[in-house]
Structures are given as structure tokens and as C-alpha cells.
Amino acid sequence: MSTLNDEQRALNLLGRIERLPYSRWSVKFRIWVGTATFFDALDALMIAYIMPVLIPLWHISPAAIGPLLSISYVGQLIGAVVFGFVSEKIGRKKTLIVCILIMGVMSLVCTFATGYTFLLIARFIQGFGLGGEVPIAGTYVSEWTKAKGRGPFVVLYESVFIIGLVGTAALAAFLIPVAGWQIMFIIGFVPAVIVPIMLRKYPESPRFLITKGRLDEAEAAIVHVEEITRDVYKKELPDPVPVEAANLTKKTRFSELFSKMYIRRTIAVWLLWFCFYFINYSIQTWLPTLYTSQFGVPYQESLFRSMAVNVISFAATILVGLFIDKIGRRPAFMICFSGVIVITLLLFITGVGSANTLFIYTCLYGLFTPIAALLVLYSPELYPTRMRALGNSTATAWQRLASAIGPTIVGILVAQYSMGIMFGVLGIFAVIGLVVTIFVAIETKNRVLEEVSP
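Cut-offs used in this document
Within each chain, residues carry numbers counting from 1 in the order of the written sequence. Restriction of local features to residues with pLDDT of at least 70 applies here, the model being predicted, together with a cutoff of 80 or more for giving and counting side-chain atom pairs; totals for whole chains, interfaces and linings are based on all residues. Side-chain calculation: all heavy atoms of the structure are included, whereas hydrogens and water are not. Put simply, DSSP marks the helices as runs of H or I at least four residues long and the strands as runs of E at least two long, and each gets a number from the N terminus on. For each residue, the accessible area found with a 1.4 Å probe, counting protein chains only, is set against the maximum for its type, and the residue is called buried under 20%, exposed over 50%, and partly exposed in between. All accessible-area figures derive from a Shrake-Rupley calculation using a 1.4 Å probe, and residue coverage is judged against the displayed protein chains alone. Residues counted as positive are Lys and Arg, residues counted as negative are Asp and Glu, and His and the chain ends are not counted. A charged residue contributes its charge at one atom only: NZ of Lys, CZ of Arg, CG of Asp or CD of Glu. Here the nonpolar core consists of buried residues drawn from Ala, Val, Leu, Ile, Met, Phe, Trp, Tyr and Cys, with membership extended through side-chain atoms lying within 4.5 Å. Whether two residues are in contact is decided by their heavy atoms: any pair within 4.5 Å suffices. Patch definition: residues with relative accessible area over 30% and no salt bridge; like charges joined within 9 Å; nonpolar side chains (Val, Leu, Ile, Met, Phe, Trp, Tyr) joined within 5 Å. Each reported salt bridge corresponds to a side-chain nitrogen of Lys or Arg within 4 Å of a carboxyl oxygen of Asp or Glu. Here the aromatic set is Phe, Tyr and Trp, taking the six-membered ring for Trp, and pairing holds for ring centres within 6.5 Å; pairs whose planes are under 30 degrees apart are stacked, those over 60 apart are edge-to-face, and all others are tilted. A positively charged side chain is recorded as over a ring if its NZ (Lys) or CZ (Arg) lies within 6 Å of the ring centre. The angle to the ring normal must also be within 35 degrees. Every angle, taken between N-to-C directions, lies between 0 and 180 degrees, and every axis is a line fitted to C-alpha atoms, over only the stretch in contact when it is a helix. For classification purposes, an angle smaller than 35 degrees is called roughly parallel, one larger than 145 roughly antiparallel, one from 65 to 115 roughly perpendicular, and anything else oblique. Each crossing gets its hand from how the near helix is turned against the far one by less than a right angle, where anticlockwise is left-handed and clockwise is right-handed. Each residue is assigned to one class: nonpolar for Ala, Val, Leu, Ile, Met, Phe, Trp, Tyr, Cys and Pro, charged for Asp, Glu, Lys and Arg, and polar for all the others, Gly among them. Multiplying 1.5 Å by the helix residue count minus one yields the expected span of that helix. What is called the bend at a residue is the angle between a pair of axes, fitted to the seven residues leading up to and ending at it and to the seven starting from it. In the analysis that follows, any N or O atom pair within 3.5 Å is treated as a polar contact, provided that within protein one partner can donate a hydrogen and the other can accept it, and provided that, for residues neighboring in sequence, both atoms belong to side chains.

Examining the overall build of the chain
Alright, step 1. Each helix and strand in the chain was counted, giving 18 helices and zero strands.
Alright, step 2. Here the C-alpha coordinates of the chain stretch approximately 70 × 45 × 40 Å along the principal axes.
Alright, step 3. Residues counted as buried form 59% of the 454 residues belonging to the chain.
Alright, step 4. With an accessible surface of roughly 16800 Å², the chain has 69% of that area assigned to carbon and sulfur atoms.
Alright, step 5. Of the side-chain charges in the chain, 37 are positive and 26 negative, and the distance between the mean point of each set is 3 Å.

So this is what it looks like as C-alpha cells:
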């Protein structure tokens with residue numbers, strides 16, 4: 001078959017993806033990939049809820065708290081970059097399964113920790129899997145979605161991550177006092193048992209296969225979903241959607257992230273990930289400890305107060321997800337960053353004089369945290385398939401860097417200055433995020449992936 005015929009066939013396959021309606025197959029696919037993301041949230045944040053127990057148990061000094069909160073994110077930074085490259089070589093599904101196995105098995109290893117150093121090392125290694133899971137899962141889901149409805153589909157998928165944050169707090173509050181802190185790490189082992197088995201029945205991303213010239217495999221994957229969809233709807237599918245694309249089989253090059261076409265996007269998405277997660281993980285990881293250490297709030301109450309932020313965040317994310325294809329990515333970012341600026345400014349002015357003040361304002365902060373889900377939607381849209389996983393993974397590496405250094409810096413600010421100063425510093429990063437959105441970010445709503453990123 002000639003090159004021209006291969007190109008025509010590839011474009012036809014892309015058009016067949018774009019014609020697929022969202023169906024029960026789509027929902028099940030989103031649920032199983034989302035299950036891995038749920039446990040990623042649990043594994044990433046559980047240390048924040050375990051820390052109030054470990055501090056007196058292991059006599060952890062204030063200076064040592066930040067590194068234990070942050071060390072996983074150092075591993076995640078490395079994992080995000082490494083598995084971004086791996087995914088461009090061996091595919092989305094295989095890479096995702098490897099990441100899930102690492103994060104699950106190392107969670108089980110953490111249950112055997114008898115001291116600070118053991119847990120520090122185990123969390124660092126676990127971070128490799130955690131760092132790869134989020135961007136690869138997001139890429140995998142995005143490549144199976146069409147332009148129309150992609151916003152709600154991906155944002156609602158990512159809301160599972162917030163459910164994981166809520167579930168972590170709830171499980172910690174009920175189980176740790178009864179079964180000990182190790183129970184959380186045992187639960188974190190669950191995805192290594194069930195998720196890889198379930199993902200085996202889902203095909204590889206056809207967009208990835210097309211870029212590798214594996215058109216027969218791509219067509220087989222699409223036919224599989226088409227047959228399931230026809231069985232559900234009992235009618236023929238519409239004609240393939242016309243798709244224009246170029247360079248479908250061009251090789252992945254890291255340097256292309258900084259080419260004339262993509263450097264603006266790369267700078268924007270790197271800064272957006274860094275700014276938001278410097279704010280978010282600084283708050284999320286320290287909140288339970290701030291309640292107990294600064295205001296003497298009982299342990300279980302501190303967890304429920306912290307959980308309230310994520311419950312509100314989940315509701316806000318669902319609302320934004322339903323309307324994101326009408327609002328647009330950039331306006332949604334601008335609204336959310338503006339809200340964070342207002343909240344952090346108020347906390348800076350009030351000085352956070354009581355646990356109730358902290359509770360009220362952090363709950364209001366939860367209204368503007370859909371930025372997290374928006375970034376999972378937005379990042380894969382900015383790059384072509386040949387480097388989508390790489391671009392998405394390197395962007396989330398900045399998230400991991402922010403998540404690694406943020407809690408440590410917050411610890412220094414709280415210890416040497418005050419919580420008010422700490423929230424003032426966080427507000428500066430929200431201002432940077434807003435400026436980047438206004439002047440650097442591009443809009444991508446309702447556009448076919450191949451047309452957004454040639």
C-alpha cells in the first residue's frame with residue numbers, strides 16, 4: 001500500500017473515532033481508568049492524614065515533616081518524565097499498567113515501615129508510579145474521545161481524583177484510629193490487584209497506533225468499539241467526520257516542545273501546573289496538621305474539616321465539567337485563579353486567627369479548585385499524538401516539582417512567620433497563573449485534537 005493510501009486510511013480512522021457516540025463502553029472505560037486515578041489521589045495524599053499520627057509516634061521534628069510530605073513528589077517528578085518517554089515508545093495502556101503496579105506494590109511495602117527513613121525511601125520509589133499514572137491516564141482517555149463533548153467527558157473523568165481525595169480523608173478518619181496508620185497503605189495496594197486485570201480488555205489508543213504506522217491494530221481497536229456501540233444503539237453509526245491532519249507518523253522529539261509552534265503552549269502549561277499545585281498541595285498536605293498543631297483541633301475533626309474542602313471541590317468540578325465546552329478553557333482558568341487570589345488575599349489580611357476562620361476560607365477556596373481537572377483536560381489538547389504523552393508528562397512534572405517544594409516552603413513560612421504570610425505567598429502564585437492564562441494560553445474547546453495540534 002502506498003504512503004498516500006496509508007495517509008488516507010489514517011485520516012479515515014481518525015474520522016471514525018470522531019463519529020463514535022459516548023456510550024456505555026465509554027463510561028466503563030472512564031471508570032476503570034478513573035479507578036487508577038482514584039487510588040493515585042489516595043496514595044498521594046494519605047501521608048497528610050497519617051502524619052498527625054506519625055509525628056508523636058516516631059518523634060518527628062518540625063523540620064523533618066516537610067521532607068516526608070514532599071518526598072513522594074520528587075519521585076513523581078522523575079516518574080512523570082521517564083514514563084512520558086516510555087509511553088511514546090510502548091503505548092499508553094502498557095505504561096499505565098506498569099505505573100499502577102509500582103504505586104500499588106510500593107504502597108504495600110510502606111506498611112512494613114518501622115521508622116522515618118524506611119518510609120521516606122519507600123514513598124520516594126512509590127512516587128515513580130504515581131508520577132506516571134496521572135498524565136498517561138489523562139492522555140489515554142483524551143485520545144479515545146472526540147472533539148464534541150470532550151470537555152465534560154474528561155473533566156468528569158478527572159473528578160474521580162477529587163473523590164479519591166475525599167475518600168482518603170474519610171477512610172483515614174474512620175480506619176486509622178481503629179486499625180492503625182498501616183491500613184491506609186494496605187488499601188493503596190488494591191489497584192495493583194484489580195485495575196491491570198480490568199484494563200486488559202480495553203484496546204490501546206488508536207491515535208498512538210496510527211502514529212506508529214500500526215494501522216491494522218488501530219483499525220481493530222476502532223472496530224471493536226464500533227461493534228459494541230452498534231449493539232447498544234441498534235443502528236448504524238454516522239459517516240466518519242472529515243479530519244485534516246499532517247505529520248501523523250513523525251517521530252517524537254523532545255526538542256519539538258520548544259519549537260516555534262509549541263513553545264508558547266509549553267511555557268503556558270508548565271507554569272499553570274506549577275502555580276496551581278504549589279498552592280493546592282501546600283494547602284492539602286498541611287491542612288490537617290495546621291488544625292491539630294496550630295489550633296489544637298482533635299485528630300478526627302481535623303480530617304473532617306479538611307475533607308470538606310474536597311467535597312466542595314468535587315461539586316464545583318462537576319458543575320464546571322458540565323459547561324466547560326460552552327465556557328471555554330481560558331475563561332474557566334481565569335475565573336478560578338481570580339477566586340483563589342481573592343481567598344488567599346483575605347486569609348493574608350485576617351492572619352488566620354482561629355480554626356473556624358481557616359475552615360471558612362479554605363471551604364471557599366474549594367470552589368475554585370476545578371483548575372486541577374481543567375489542566376488534565378487542557379494539557380493533552382495542546383500537543384499532537386506523537387508527543388502528547390511526553391508533553392503532558394513533562395507538564396505534570398512541574399506539578400510534582402511544585403508539590404515537592406511547596407509543603408517544605410509552607411513549613412518554613414508557618415514556623416518562622418505566620419499562616420497569614422504563608423497564604424499571601426500562595427496568592428502570588430495565583431496571580432502568576434492568572435497572568436499566564438490571559439496573555440499566553442490558547443483556547444482549544446470543541447476542536448479535533450489533530451486540528452489543534454498538527
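What to know about the nonpolar core
Grouped burial of nonpolar side chains is what soluble globular proteins tend to show.
Alright, step 1. Formed by 126 residues in total, the largest nonpolar core has its most connected members in Val33, Leu119 and Met422.
Alright, step 2. Once residues within four sequence positions are removed from consideration, Val33 is found in contact with Leu96, Glu133, Ala137, Tyr140, Val141, Tyr157 and Leu199.
Alright, step 3. Within the second largest apolar cluster, 14 residues are counted, among which are Ala147, Ala218, Ile222 and Leu248.

Quick look at a positive patch on the surface
Alright, step 1. Together, Arg24, Lys28, Lys201 and Lys234 make up a region of like positive charge exposed at the surface.
Alright, step 2. Mapped onto the elements of the fold, Lys201 is located in the loop between helix 8 (190-199) and helix 9 (206-211).
Alright, step 3. Taking the relative accessible area as the measure of exposure, Lys201 reaches 52% and is therefore exposed.

A closer look at the packing of aromatic side chains
Alright, step 1. For the structure on display, the rule yields 25 aromatic pairs.
Alright, step 2. Judged by centre distance (5.2 Å) and plane angle (80 degrees), the rings of Phe38 and Phe39 are edge-to-face.
Alright, step 3. According to the relative accessible area criterion, Phe39 is buried, its value standing at 9%.
Alright, step 4. Consider the rings of Trp181 and Phe185, whose centres lie 6.1 Å apart with planes at 90 degrees: the pair is edge-to-face.
Alright, step 5. What makes Trp181 buried here is its relative accessible area of 5%.
Alright, step 6. Judged by its relative accessible area of 0%, Phe185 falls in the buried class.
Alright, step 7. Taking NZ or CZ as reference, Arg305 lies 5.4 Å from the ring centre of Phe359, over its face.

Points about the pattern of salt bridges
Alright, step 1. Under the definition given, this model contains 18 salt bridges.
Alright, step 2. Arg9 is paired through a salt bridge with Glu219; the nearest N and O atoms lie 2.8 Å apart. Here Arg9, found in helix 1 (residues 3-19), pairs with Glu219, found in helix 10 (residues 215-233); they are 210 residues apart in sequence, far enough to count as distant.
Alright, step 3. One salt bridge connects Arg207 with Glu18, and the closest N-O pair in it is separated by 2.8 Å. One end of the pair, Arg207, is in helix 9; the other, Glu18, is in helix 1, with 189 residues separating them in the sequence.

Overview of the packing of helix 4 (residues 92-110) against helix 8
Alright, step 1. Relative to each other, helix 4 and helix 8 sit at 165 degrees, their axes nearing to 8 Å. With respect to each other, helix 4 and helix 8 are oriented roughly antiparallel. The chirality of how helix 4 crosses helix 8 is left-handed. Seen from helix 4, the contacting residues are Lys93, Leu96, Ile97, Ile100, Leu101, Met103, Gly104 and Val105; seen from helix 8, they are Pro191, Ala192, Val195, Pro196 and Leu199.

Describing the packing of helix 6 (residues 150-179) against helix 15 (residues 371-381)
Alright, step 1. As a packed pair, helix 6 and helix 15 sit with axes 8 Å apart at the nearest point and diverge in direction by 130 degrees. It follows that helix 6 is oblique to helix 15 by the angle criterion. Crossing handedness for the pair helix 6 and helix 15: right-handed. For the pair helix 6 and helix 15, the contacting residues are Arg150, Gly151, Val154, Val155, Tyr157 and Glu158 in the first and Ala372, Ala373, Leu374, Val376, Leu377 and Glu381 in the second.
Alright, step 2. Residues of the contact of helix 6 with helix 15, tallied by class, amount to eight nonpolar, one polar and three charged.

Looking at helix 14 (residues 355-366)
Alright, step 1. With twelve residues, helix 14 should cover 16 Å at 1.5 Å per step; its first-to-last C-alpha distance of 16 Å lies within 8% of that length.
Alright, step 2. Looking at helix 14, one finds that the buried residues are Ala355, Leu358, Tyr361, Thr362, Cys363, Tyr365 and Gly366.
Alright, step 3. Those residues of helix 14 hidden inside the fold are in contact with helix 11 (263-295), helix 12 (299-327), helix 13 (329-350) and helix 17 (419-439).

Some details on helix 3 (residues 62-90)
An α-helix turns once every 3.6 residues. As a result, residues three or four positions apart point the same way.
Alright, step 1. With 29 residues, helix 3 should reach 42 Å at 1.5 Å per residue; the first-to-last C-alpha distance of 43 Å fits that figure.
Alright, step 2. Where helix 3 bends most, the angle comes to about 35 degrees, and this point is Ser70.
Alright, step 3. Two residues or fewer after helix 3 comes Gly91, characterised by a positive phi angle close to 110 degrees.

As for a nonpolar patch on the surface
Alright, step 1. Taken together, the side chains of Val342, Leu345, Leu346, Phe348, Ile349, Tyr417 and Ile421 present a nonpolar region at the surface, about 660 Å² in accessible area.
Alright, step 2. Per element, the largest residue contribution to the nonpolar patch is five residues, and it comes from helix 13.
Alright, step 3. Mapped onto the fold, Ile349 is located in helix 13.

Looking at the environment of Asp231
Alright, step 1. Inspection of the secondary structure puts Asp231 in helix 10.
Alright, step 2. The exposure class assigned to Asp231 is exposed, which follows from its relative accessible area of 54%.
Alright, step 3. Sequence separation between Asp231 and Met46 is 185 residues, and the spatial gap between their C-alpha atoms is 42 Å.

Description of the side chain of Arg123
Alright, step 1. By secondary structure assignment, the location of Arg123 is in helix 5 (residues 116-143).
Alright, step 2. Within the buried set, Arg123 has no salt-bridge partner at all; the shortest N-O distance to an opposite charge, 5.7 Å, is to Asp43.
Alright, step 3. Engagement of the side chain of Arg123 in a polar contact is seen with the backbone oxygen of Asp43, the distance being 2.6 Å.
Alright, step 4. Sequence-distant contacts of Arg123, that is, excluding residues within four places in its chain, are made with Asp43, Ala44, Met46, Ile47, Ile71, Ser72, Cys110 and Phe185.

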